[in-house]
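Here are the chains, one letter per residue:
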Amino acid sequence: MRLEKRPERSNAMAIASPFIAFALTIVTAAIIFTLRGNNPFAALYVYFIEPLTALWSIEQTLVKASPLILIGAGLSVAYRANVWNIGAEGQLTAGAILAGSVPVLFPQWQSPLALLAMIILGVIGGMLWASIPAILRNRFNANEILTSLMLVYVVQLLLDYLVRGPWRDPQGFNFPKTVSFSGWQTLPYLTSGIHAGVVITVLIALALGLVMSRTLKGFEIAVTGQSPRAARFAGFSEKSTVMFCFLLAGGLAGLAGAFEISSVVGQLQPQISPGYGFAAIIVAFLGRLNPIGVIFAGLLLALSYIGGEAVQTALQIPDKITRVIQGILLFYILACDTLINYRIVTSSPVLQKA
Amino acid sequence: MDLLLTLVSIIMTAATPLLLAALGETVTERAGVLNLGVEGMMIMGAVAGFAGAALSGNPFVGVVTAILAGMAMALLFGFLTLTLLANQVATGLALTLLGLGLSALIGESFVGQPGIKLPSWAGIDPLVPFSFAMVAAVSWFLFRSKGGLIVRAVGVSHASAHALGYNVVGVRYLAVLFGGAMAGLGGGYLSLFYTPQWVENMSAGRGWIALALVVFASWLPLRVLAGAYLFGTISILSFVLQAAGVGIPSQFLSSLPYLGTILALVVISGNKALTRRNTPANLGQAFVPDR
């Protein structure tokens, strides 16, 4: 068995590959459940199907998908340009800190402007934190993978300091939490479970899809990723692409942070995200590095979080299984993507007759 | 005097896991493969080391299981990037995400259970002299042996090495497996000696720091040694300052190793001549024989 390069990229495979990857993930999950001594069919039903049969859990899935789609859409653009921002979790945290400063420092301010200020500061916080690895790469040639990741730890420690120290709720019985946000410090809800951020998320992903497919900027990013040499000849600046990608992904991650603390979390606390910034890396790849594809990928990853909670309550399977399933899914996507450019041949190459 | 000795032995314990993992990654990258999954291999080594020691009652069994776990993860990475030609950066990230999740699931039942510590003499455990020996061995192998020459040739120009008749993919598999064994051992060191217990995410970014160390050391084993001890000292410094009651919040002291890593990367990478001289030219590029 060996790989043979296809004469052309297979478009059929490009569409089929995420589905094959998902199918293989289901099979692997079934094997893990069986090894743990659970009935695999019952577990798979509880994990992947049951959450889609009740309104509240569908709403939960949409709400969890929002940060994943926001961050994943930004990362999909960056990865397309070969800009490896893996610190989105930190950019989300930075956005949350800056957004949270409004209700923490001005607890009495109740006006739509307060919410607007939180959202804008969230975006700025994410952008500021993301600009550090971009500047370090452009100015000092420092590897952005490592610097963006290191900054995740730094900003998480900063948040930890703030909520245990100066920003701790004085009436909070010494718990490491800020005051709870209320009124115009939180997002309006459209239904009992869905907040306005979900709608904004979908609009942003759609807009980003248009930018990537219909504008010069989108073309510039695609060329920079596929052929840096061609991009240089075309006069596209690599440095400005690096900066653009980091600011875009960082801003969206910061926005996700602002949305999270003004809705689901409702305050600042040491942990404000169950690793959305890292799971969004999987979302970006599963969505084929395309902001529209990211919408569907984000929903699937959100389902994996809900399913993980469901199997824990229903079948006492630890919800750690979620991260295993997410990791396996990414492996299968990367493996299946090989089939877009290569095909598997079992025989040895036949020599052509002269 | 006693205090000084204690300090040195604490620095050694902090530096050794970094040194082991970074040495392995040096060989992997010298062969032209960028495996960003060091953190995932380390954490799997940590949980497998703990499990091996706890289930057998012998910490040395834990050392072996830690190495095997790291190699199993490395094999997965090798299969994807070397056989299926998947993107190395993305696969490395996948390896880390999977490792963190899988170790948490496997280690679920070990949380809070006391571990078995490796025996030591005067605070020095057998893996410290082993790590020094490995620095010498890797140094000798890479720059004084024929095998090392082949590894470096494969990393600098896989096309030329292939044309000379060397099995590029085979060499790279071996280099990736060596990197996995060393990262697994480094992770095992955490759960068998550094803090003999299992805590989720206990590698705490050390795999990433090890990756940065390789760049910092410009792929030279002796500089990896110096870098690992520098970082070991920085991470201990934060404990010492905390214990001394300096009025700096502990969170800022804890962020020192991460900030130090960024600073080190900036200083070294800014020196373009140095980086270019030692960077394996084909680092991170997939090898397709028919090209």
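Definitions and cut-offs
Residues numbered from 1 in each chain as written. Chains lettered and ligands numbered in written order. Predicted model: local features only at pLDDT ≥ 70, side-chain atom pairs only at ≥ 80, totals over all residues. Helix = DSSP H or I, 4+ residues; strand = E, 2+ residues; numbered from the N terminus. Rg over C-alpha atoms; globule rule 2.2 N^0.38 Å. Buried ≥ 20, exposed ≤ 12 C-beta atoms within 10 Å, placed from the backbone. Contact = placed C-beta atoms within 7 Å. Axes fitted to C-alpha atoms, helices over the stretch in contact; angles between N-to-C directions. Parallel < 35°, antiparallel > 145°, perpendicular 65-115°, else oblique. Left-handed = near helix turned anticlockwise from the far one by under 90°. Nonpolar A, V, L, I, M, F, W, Y, C, P; charged D, E, K, R; others polar. pLDDT = per-residue confidence, 0-100.

Is there a simple way to think about the overall build of chain A in this case?
In terms of regular secondary structure, chain A is built from 13 helices and two strands. Rg of the C-alpha trace for chain A: 22 Å, near the compact-globule value of 20 Å for 354 residues, within the 12% margin. Principal axes of the C-alpha set define a box for chain A whose edges measure 85 × 60 × 35 Å. Here chain A holds 354 residues, and the buried ones make up 52% of them.

Looking at this structure, I do not really get the overall build of chain B. What am I missing?
Per the secondary structure count, chain B includes 13 helices and zero strands. For chain B, the α and β elements follow one another from N to C terminus as α-α-α-α-α-α-α-α-α-α-α-α-α. Relative to the compact-globule value of 19 Å for 291 residues, chain B shows a C-alpha radius of gyration of 19 Å, a close match. Considered along the principal axes of its C-alpha atoms, chain B spans approximately 60 × 45 × 30 Å. Looking at the 291 residues of chain B, the share that counts as buried comes to 53%. In chain B, of all internal contacts separated by at least 6 residues, the share reaching a separation of at least 24 is 79%.

What should I look at first to understand the packing of helix α3 (residues 55–80) of chain A against helix α11 (residues 276–286) of chain A in this one?
When two helices pack together, their arrangement is given by the angle between their axes and by how far apart the axes lie. Residue and element names in this part refer to chain A. The geometry of α3 relative to α11 is characterised by a closest axis approach of 8 Å and an angle of 60 degrees between their N-to-C directions. By the angle between their directions, the pair α3 and α11 is classed as oblique. Read as a crossing pair, α3 and α11 show a hand that is right-handed. Note on element contacts: α11 touches α3 through Tyr276, Gly277, Ala279, Ala280, Ile281, Val283 and Ala284, opposite Pro67, Leu68, Ile71, Gly72, Leu75, Ser76 and Tyr79. Tallied by class, the residues present in the contact of α3 with α11 amount to eleven nonpolar, three polar and no charged.

Help me understand the interface of chain A and chain B in this model?
Many descriptions give the size of an interface as the accessible area lost when the pieces come together. Contacts between the two partners involve 38 residues from chain A and, on the opposite side, 39 residues from chain B. At the level of elements, β1 (2–5), α5 (112–140), α6 (144–164), α11 and α13 (321–341) of chain A are the ones that each hand at least two residues to the side of chain A that touches chain B. If you tally residues by element for the side of chain A that touches chain B, the top one is α13 of chain A, at twelve residues. Residues belonging to the side of chain A that touches chain B are distributed by class as follows: 26 nonpolar, seven polar and five charged.

Quick question: what am I supposed to make of helix α6 (residues 146–156) of chain B here?
Because an α-helix packs 3.6 residues into every turn, residues spaced three or four apart end up facing the same way. When we look at burial in α6 of chain B, the residues that qualify are Val151, Ala153, Val154 and Gly155 of chain B. Buried residues belonging to α6 of chain B abut α1 (2–30), α5 (127–144), α7 (158–163) and α8 (168–194) of chain B.

I keep staring at the environment of Leu210 of chain A and nothing clicks. Help me out?
Along the chain, Leu210 of chain A turns up in helix α7 (residues 196–214). Sequence separation between Leu210 of chain A and Ile292 of chain A is 82 residues, and the spatial gap between their C-alpha atoms is 9.0 Å.

Would you explain the packing of helix α10 (residues 221–243) of chain B against helix α12 (residues 256–270) of chain B in this entry?
Residues and elements named next belong to chain B. Interhelical geometry of α10 versus α12 gives an angle of 145 degrees and a closest axis separation of 9 Å. By crossing handedness, the relation of α10 to α12 is classed as right-handed. Contacts between α10 and α12 involve Phe231, Ile234, Ser235, Leu237 and Ser238 from the first element and Leu256, Pro257 and Gly260 from the second.

Teacher, can you tell me more about the confidence of the model for chain B here?
The predicted coordinates of low-pLDDT regions are not to be read in fine detail. Considering every residue of chain B, the mean pLDDT works out to 91; 99% of them sit at 70 or more. Across the whole predicted complex the pTM is 0.91, and at the interface the ipTM reaches 0.90.

Mind showing me how you'd approach α11 of chain A here?
Among the eleven residues of α11 of chain A, eleven are classified as buried, and the element is accordingly described as predominantly covered. Phi turns positive, to about 60 degrees, at Arg288 of chain A, one or two residues after α11 of chain A.

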